[in-house]
Amino acid sequence: MSVIEETLRDFWALTKPRVVALIVFTAVVGMFLATPGLPGWRPLILGSLGIWLAASGAAAINQILDARIDAQMARTMYRPLPRGRLTETQALIFALILAAISMLMLSIWVNVLTAVLTFASLIGYAVIYTLFLKRATPQNIVIGGAAGAAPPVLGWTAVTGTLDPHALLLFLIIFIWTPPHFWALAIFRRADYEKVSIPMLPITHGVVVTRWHILAYTVILFMVTLLPYLTGMASFFYLGGAIVLGLGFLYYAIRLMNPPDELFALKTFNYSILYLAALFAFLLIDHYLPQPRFGPVPMVLVPI
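Residues numbered from 1 in each chain as written. Predicted model: local features only at pLDDT ≥ 70, side-chain atom pairs only at ≥ 80, totals over all residues. Heavy atoms only, no water.

## Points about the confidence of the model for the protein chain
Logical step 1: Overall, the predicted model of the protein chain reaches an average pLDDT of 94, with 95% of residues at or above 70.
Logical step 2: Low pLDDT (under 50) marks residues 296-304, which in the prediction has 16 contacts with non-local residues, meaning those over four places away or in another chain. (pLDDT = per-residue confidence, 0-100. Contact = heavy atoms within 4.5 Å.)

Right under this line is the structure:
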C-alpha cells in the first residue's frame, strides 16, 4: 500500500465510519418517514451528505480530544492519532473542513433549521460530551446521548423544514437505547476506563449496579418502542418487529445479570447495534405498507 493510500485510510478512520453509517441510516429513515411519498432528491442526497460530513467531523474532533487516553486503551490504541500516523493539527484541519462544508451544504441547499440542529449535535458530541461530560459524571452517556439521538430529527427537518412530535419520538427511542448500548461495552472494557480515570458507571458504581441500569433502561426502551404503533405512526408490521427485537434485547439484559462469561457483555453490545438498525428498518418498511394504523394522533408542526 502506498503512502497516499495509507494516509487516506487514516483520515477515513478518523471519521469512525461504522458508527457514522448507523447515524446516517437513522437520519435517512427519518427523511422517508417525514413524508407519505418519497423525499425530494435534494434533502435526501444533500441532506444525507451534510449529516454524514458533520458526524464525521464530530468523530474526528472526538478522537483529537481523546488522543491521549486513546493511547492507553486497548480498544483505541491503534487509532491514527495514538499511533502517530497523523498529527493533531492535520486531524483538526480535516475535522473543521468537514464541519464547514456540512454547515454550508445544509444551510444553502437544505434548510437553516437542519443546519442549526446539526451544528448543535456536533458541538454536543464533539465538545460537551467528549471534553466535559465524559470526564465529569458516570451519567455522561445518558446526558450526552442527546447528541447521538438527533439524526432522525435532522433527517425529518431536512425534508419538512419543521419539528414534529413523531420525529421527537424517533429521538426518544435512540436516547433511551444509548445507555444500555454503551454500558454493555463499558462493562466489557471497564479495565480500560479505569486505567484512564474515566468515570463510567461500572467504575464508579460497580458492574452489578450497571447491569441493573441496563435492565431498567431496556424495559423502558421496550415500552417506548411501542409508541410508534400506539400513536398511529406505524402499523402491525412494525409492532411485531419491535416486540421480537425488544424481547431479544430483554433476553440479553436479563442474561447479563448472571452472564455465562466476560464476553457476554460484548455480545449484548453487538446485539444492541443490530437491534437499532433492524428497528429502524422495520419502521421504514412499515411506512410503505398499505396497512391500517391504530388511531392516529393529530400532529403539531412547528414552522421555522
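## Quick look at the pattern of salt bridges
Logical step 1: Enumeration over the complete set of coordinates arrives at six salt bridges.
Logical step 2: Here Arg 85 makes a salt bridge to Asp 10, at a shortest N to O gap of 2.9 Å. One end of the pair, Arg 85, is in the loop between α4 (67-70) and α5 (88-109); the other, Asp 10, is in helix α1 (residues 3-14), with 75 residues separating them in the sequence.
Logical step 3: Assessed through its relative accessible area of 5%, Asp 10 is described here as buried.
Logical step 4: Close ionic contact of Asp 66 with Lys 134 constitutes a salt bridge, the shortest N to O distance being 2.6 Å. (Salt bridge = Lys/Arg side-chain N within 4 Å of Asp/Glu carboxyl O. Helix = DSSP H or I, 4+ residues; strand = E, 2+ residues; numbered from the N terminus. Buried < 20%, exposed > 50% of the residue type's maximum accessible area, 1.4 Å probe, protein only.)

## A closer look at the packing of helix α2 (residues 17-33) against helix α15 (residues 263-287)
Logical step 1: One way to put it is that α2 packs onto α15 with a least axis distance of 10 Å and a crossing angle of 20°. As far as their axial angle goes, α15 and α2 are roughly parallel. When the axes of α2 and α15 are compared, the crossing they make is left-handed. Between α2 and α15, the contacting residues are Leu 22, Phe 25, Thr 26, Val 29, Phe 32 and Leu 33 on the first element and Ile 273, Leu 276, Ala 277, Phe 280, Ala 281, Leu 283, Leu 284 and His 287 on the second.
Logical step 2: Per-class residue counts for the contact of α2 with α15 are 12 nonpolar, two polar and no charged. (Axes fitted to C-alpha atoms, helices over the stretch in contact; angles between N-to-C directions. Parallel < 35°, antiparallel > 145°, perpendicular 65-115°, else oblique. Left-handed = near helix turned anticlockwise from the far one by under 90°. Nonpolar A, V, L, I, M, F, W, Y, C, P; charged D, E, K, R; others polar.)

## Structural notes on α2
Logical step 1: Taking 1.5 Å per residue as the helical rise, α2 with its 17 residues ought to reach 24 Å, and the 24 Å between its terminal C-alpha atoms agrees with that figure.
Logical step 2: Buried residues along α2 sit in contact with α3 (41-65), α8 (151-160), α9 (165-188) and α15. (Expected span 1.5 Å × (residues − 1).)

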